[in-house]
Amino acid sequence: MIYDCAIIGGGPAGLNAALVLGRARRTVALCDNNRPRNRVTHASHGFITQDGVTPSEFRRKAYEDVLKYPSVQHYAVPVTEIIKEQDTFTVVVEGAEPIRARKVLLAVGLNETLPDLPGVKEVYGKSVFHCPYCDGWELRDQPLIAIGDHPRIFHIAKLLYGWSRDLVISTNGAQVLDDEQKRQLNAKGIRVTEQRVAALHSEQGKLTEVEWMDGTRLARSGGFVMPQWTPHTVRFASLGFDTNEWGGIRTNEFGESSVLGLFAAGEAATGMGAQLITAAASGSMAAMGVNTALMEEAFQE
């Protein structure tokens, strides 16, 4: 069997794409190894009707929706290789026969690497996060810290000011803020330190103190860090697609890449972390792009 589309990745982008294509009566092979990036998160926010949903519950509901459509087949297996042929793709998977498809939609998301901070794994996803829009409300009016050695920490600091006025910004030993930026932050009562962080102390996932290299400690109850993200699409770079400055697959507005028949959605396309709702929307648009391409081909036969 040759599927109309093989979707690689079962996050919000891939699942929403499968939903749209299933409703369009397209045959879909949905490959998902059940390793979502947000699995450590206690709840997801900012998605209307789904605000506060846990990642596991979101996936359960999504699969309930998607698999109602008989043309969608779920393959709970890792994909190891994708081979581009003249008019089709071969998707090589672990422990099963290869999957052939006319189109491929990559929605594999990102690999997240936390900063090298002792204690960060114990608090990440519980009281320390990376996205203020996702988790700022839950930390509102609390004493917070934002840690980052990238110039974007200035933007994060200004953003967090909308949720809490008790803010400390740590560049963790890096000199990434200029004098004017420091002046602006100090004028709002936002404290800036370039000291390196020695450890994050916590109790059952709740941040309690930040310890600096000189041994001093600061009481904090929550915060934000800046992980490094690597698109999982690097595993499929042999396909030859163009990328953007963040390493995501460069696409047009309907998700089609520079490789004919290859589409991308969600974080695979942006190379940056995304909220559930924006990733799902991207998957919907890419699915329409896939369906349109299949439609045009049918009328050229």
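These figures come from a predicted structure and were not determined experimentally.

### So, the overall build of the protein
- Scanning the protein from N- to C-terminus turns up eight helices and 17 strands.
- By its C-alpha atoms, the protein is 70 × 35 × 35 Å across when sized along the principal axes.
- Counting over 301 residues, the protein shows a buried share of 49%.
- For the protein, long-range pairs separated by at least 24 residues make up 59% of all intrachain contacts whose partners lie at least 6 apart in sequence.
- For the protein, the accessible area works out to roughly 14,900 Å², and carbon and sulfur atoms hold 50% of it.
- The centroid of the 30 positive side-chain charges in the protein is displaced by 4 Å from the centroid of its 35 negative side-chain charges.

### Brief notes about the packing of aromatic side chains
- A full pass over the atoms with the stated rule returns four aromatic pairs.
- Measuring from ring centre to ring centre gives 6.2 Å for F47 and F58, while their planes differ by 50 degrees; the resulting arrangement is tilted. Remark: F58 occurs in helix α2 (residues 55-66) and F47 occurs in the loop between β2 (28-31) and α2; sequence separation between them is 11 residues.
- Judged by relative accessible area, which is 18%, F47 ranks as buried.
- On the numbers, 6.3 Å between centres and 50 degrees between planes, the contact of F129 with F224 is tilted. Linking F129 in strand β8 (residues 128-129) with F224 in strand β15 (residues 222-225), this pair joins segments that are 95 residues apart in sequence. Judged on exposure class, the residue F129 and its partner F224 are both buried.
- In this arrangement the basic side chain of K84 is found over the ring face of F89, its NZ or CZ atom lying 5.1 Å from the centre.
- Of note, R165 hangs over the ring of Y161, and the distance from its end group to the ring centre comes to 4.0 Å.

### A closer look at helix α8 (residues 276-298)
- Helix length check: α8 (23 residues) gives 33 Å between terminal C-alpha atoms against 33 Å at 1.5 Å per residue, within 8%.
- Of the positions making up α8, those classed as buried are L276, A279, A280, G283, S284, A286, A287, G289, V290, A293 and L294.

### Remarks on the sheet that holds strand β13 (residues 206-212)
- If you walk across this open sheet you meet the three strands as β12-β13-β14, and the pairing is antiparallel. Each end of this open sheet is capped by a strand with a single partner; those strands are β12 (197-203) and β14 (217-219). Taken pair by pair, the neighbouring strands of this sheet meet at an average axis angle of 25 degrees, ignoring direction.
- By the bridge criterion, three bridges tie β13 to β14 in an arrangement that is antiparallel. Paired with V210 across the strands is L218, a residue of β14.

The rules behind the values
- Residues numbered from 1 in each chain as written.
- Predicted model: local features only at pLDDT ≥ 70, side-chain atom pairs only at ≥ 80, totals over all residues.
- Heavy atoms only, no water.
- Helix = DSSP H or I, 4+ residues; strand = E, 2+ residues; numbered from the N terminus.
- Buried < 20%, exposed > 50% of the residue type's maximum accessible area, 1.4 Å probe, protein only.
- Contact = heavy atoms within 4.5 Å.
- Areas by Shrake-Rupley, 256 points an atom, 1.4 Å probe, with all protein chains shown as cover.
- Lys, Arg positive; Asp, Glu negative; His and termini not counted.
- Charge placed at Lys NZ, Arg CZ, Asp CG, Glu CD.
- Phe/Tyr/Trp six-rings, centres within 6.5 Å; stacked < 30°, edge-to-face > 60°.
- Lys NZ or Arg CZ within 6 Å of the ring centre and 35° of its normal.
- Expected span 1.5 Å × (residues − 1).
- Pairing = 2+ DSSP bridges.
- Axes fitted to C-alpha atoms, helices over the stretch in contact; angles between N-to-C directions.

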